[in-house]
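Now for the letters of each chain:
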Amino acid sequence: MSIGSFLATRENLELVKKNSWKFGRPKIIEMGMRYYEQHPDQAQVVADNLARMGLPGAGAALDEVLREIVVHYYEKLFVLVKTYEAYWIAKNRIDVGDSLEHLAEAREAGKAVFIGQSHFGATYFMASVLMVNGLEVNTVGNFPEPVGSMLANTVDIISKKYGTARANLLNVADSSVDVPGEMLRLLMLKKIVSNVYDENNRFCRPVKLLGKTLFGGTGMDLILKPFTDDKVVILTPFLVRTSDETFRYEVDRHYLSDGDIIESFYKSLEKRVRKYHPQWYFIHELHESFEDMRT
């Protein structure tokens with residue numbers, strides 16, 4: 001059983017629902033850290049992946065990484081069951097600075113926006129940043145039931161009750177949805193579309209990260225192939241935790257005319273990993289990214 005499966009129980013959903021961020025978060029963190037104590041093999045996977053990437057992965061350094069992985073799963077539970085508190089955090093605890101300027105530029109120029117997302121930082125709050133700032137986003141993800149319905153319901157309540165923009169889910173787990181086709185259609189309609197680029201699938205190719213070669217891209221270069229910089233604004237956002245209850249939204253701009261767009265994405269990710277590597281929660285699955293799945 002993985003850490004995600006261990007924490008994703010009905011009991012924990014109720015715990016998170018009934019407790020505020022201040023009290024629910026430490027309870028889930030304690031539970032998750034106890035899991036790693038009882039499953040040293042799982043902690044060792046993380047330690048081995050850290051070592052493979054040349055990152056600190058022993059003692060207190062490993063504990064910090066494990067804790068941030070658990071925090072990620074708390075945030076997942078939180079967005080599944082919270083409405084007003086999730087809205088309030090997005091509105092009041094996330095420093096966006098001038099990071100939304102590129103999105104404003106795209107809206108004024110009538111351009112589509114592609115957002116390349118990675119498994120780093122507080123990703124479950126990514127969509128809410130745009131929602132509370134009046135920007136409708138179409139987010140691709142794998143949301144098997146009951147997660148898909150719960151997320152859709154939460155988004156619906158927040159947008160209707162608090163007057164935010166919507167986040168529409170393009171659910172890979174729903175076989176009736178042609179996700180690549182829908183992404184292309186929405187980009188052609190000059191919408192905002194978000195998808196991850198750092199999972200491994202048959203469309204991935206060799207990329208460099210921290211001097212190591214792994215497989216990435218998820219075919220996002222193929223999705224963007226029909227477009228030029230005159231038609232689409234391409235961004236990679238990162239929601240960095242700045243304390244137990246505050247965040248900073250950082251955004252990098254990318255240009256198709258500069259060359260390899262996937263390489264550009266990974267340079268942005270590497271920059272954040274070097275600065276805040278404990279928040280790179282994908283480290284517990286990173287070994288899967290070294291397998292060539294193209295065949």
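Before reading on, note that the structure itself is shown above.
The structure reproduced in this document is the subject of the present report. Treat the numbers as computed from the prediction; the structure is a model and nothing was measured.

On to the nonpolar core, then. Counting 98 residues, the largest nonpolar core has F125, Y249 and W280 as the members making the most contacts within it. Among the elements that make up this core, the one with the highest residue count is helix α5 (residues 60-81) (13 residues). Setting aside chain neighbours within four positions, we find F125 in contact with W21, E75, F78, V79, I89, I94, L239 and F247.

Next up on the list: the environment of P278. Among the structural elements, P278 can be located in the segment after α12 (261-276). Remark: the alpha-carbon pair of P278 and S149, spanning 129 residues in sequence, is separated by 30 Å. In contact with P278, not counting residues within four places along its chain, are E64, V65 and E68.

The interhelical angle for the contact between helix α2 (residues 10-18) and helix α3 (residues 21-38), taken along N-to-C directions, is 150°, at an axis separation of 8 Å. With respect to their mutual orientation, α2 and α3 come out roughly antiparallel. Of the residues in α3, those touching α2 at N12, L15 and V16 are G24, K27, I28 and M31. For the contact of α2 with α3, the per-class residue count stands at 4 nonpolar, 2 polar and 1 charged.

Taken together, 7 strands build an open sheet; the order of strands is β1-β9-β8-β2-β5-β3-β4 and the sheet is mixed. For this open sheet the edge positions go to β1 (94-95) and β4 (167-171), each flanked by a neighbour on one side alone. Bridge count for β1 against strand β9 (residues 247-254) is 2 bridges, and the pairing is parallel. From the neighbouring strand, D95 faces β9, where its bridge partner is R248. The strands that helix α7 (residues 101-109) touches are β2 (112-117), β5 (192-196), β8 (232-241) and β9; relative to β8, the one it contacts most, it runs at about 155°.

On to the side chain of N195, then. Tracing the chain through its elements places N195 in strand β5. Using a relative accessible area of 10% as the deciding quantity, one classes N195 as buried. If near-sequence neighbours (up to four positions away) are discounted, N195 is found in contact with F114, I115, G116, Q117, V140, M183 and M220.

Attention now goes to the packing of helix α4 (residues 40-52) against α5. Look at α4 against α5: their axes get within 10 Å of each other, and the N-to-C directions meet at 115°. Judged by the angle between their axes, α4 and α5 are roughly perpendicular. Where α4 crosses over α5, the two elements pack in a sense that is right-handed. From α4, A43, V46, A47 and L50 reach across to α5, where they touch L62, V65, L66 and I69. Here the contact of α4 with α5 is composed, by residue class, of 8 nonpolar, no polar and no charged.

This part covers the environment of K76. Tracing the sequence through the fold places K76 in helix α5. Along the backbone, K76 and H287 are 211 residues apart, and their C-alpha atoms lie at a distance of 22 Å.

Regular strands have side chains that alternate between both faces of the sheet. Where burial is concerned, most of β9 is hidden: 7 out of the 8 residues are buried. Pairing geometry for β8 and β9, over 8 bridges, is antiparallel. When the sheet's bridge partners are listed, I234 is paired in β9 with H254. In this structure, the hairpin formed by β8 and β9 is closed by a connection of 5 residues.

What counts, and at which threshold
- Residues numbered from 1 in each chain as written.
- Predicted model: local features only at pLDDT ≥ 70, side-chain atom pairs only at ≥ 80, totals over all residues.
- Heavy atoms only, no water.
- Core = buried A, V, L, I, M, F, W, Y, C linked by side-chain atoms within 4.5 Å.
- Buried < 20%, exposed > 50% of the residue type's maximum accessible area, 1.4 Å probe, protein only.
- Helix = DSSP H or I, 4+ residues; strand = E, 2+ residues; numbered from the N terminus.
- Contact = heavy atoms within 4.5 Å.
- Axes fitted to C-alpha atoms, helices over the stretch in contact; angles between N-to-C directions.
- Parallel < 35°, antiparallel > 145°, perpendicular 65-115°, else oblique.
- Nonpolar A, V, L, I, M, F, W, Y, C, P; charged D, E, K, R; others polar.
- Pairing = 2+ DSSP bridges.
- Left-handed = near helix turned anticlockwise from the far one by under 90°.

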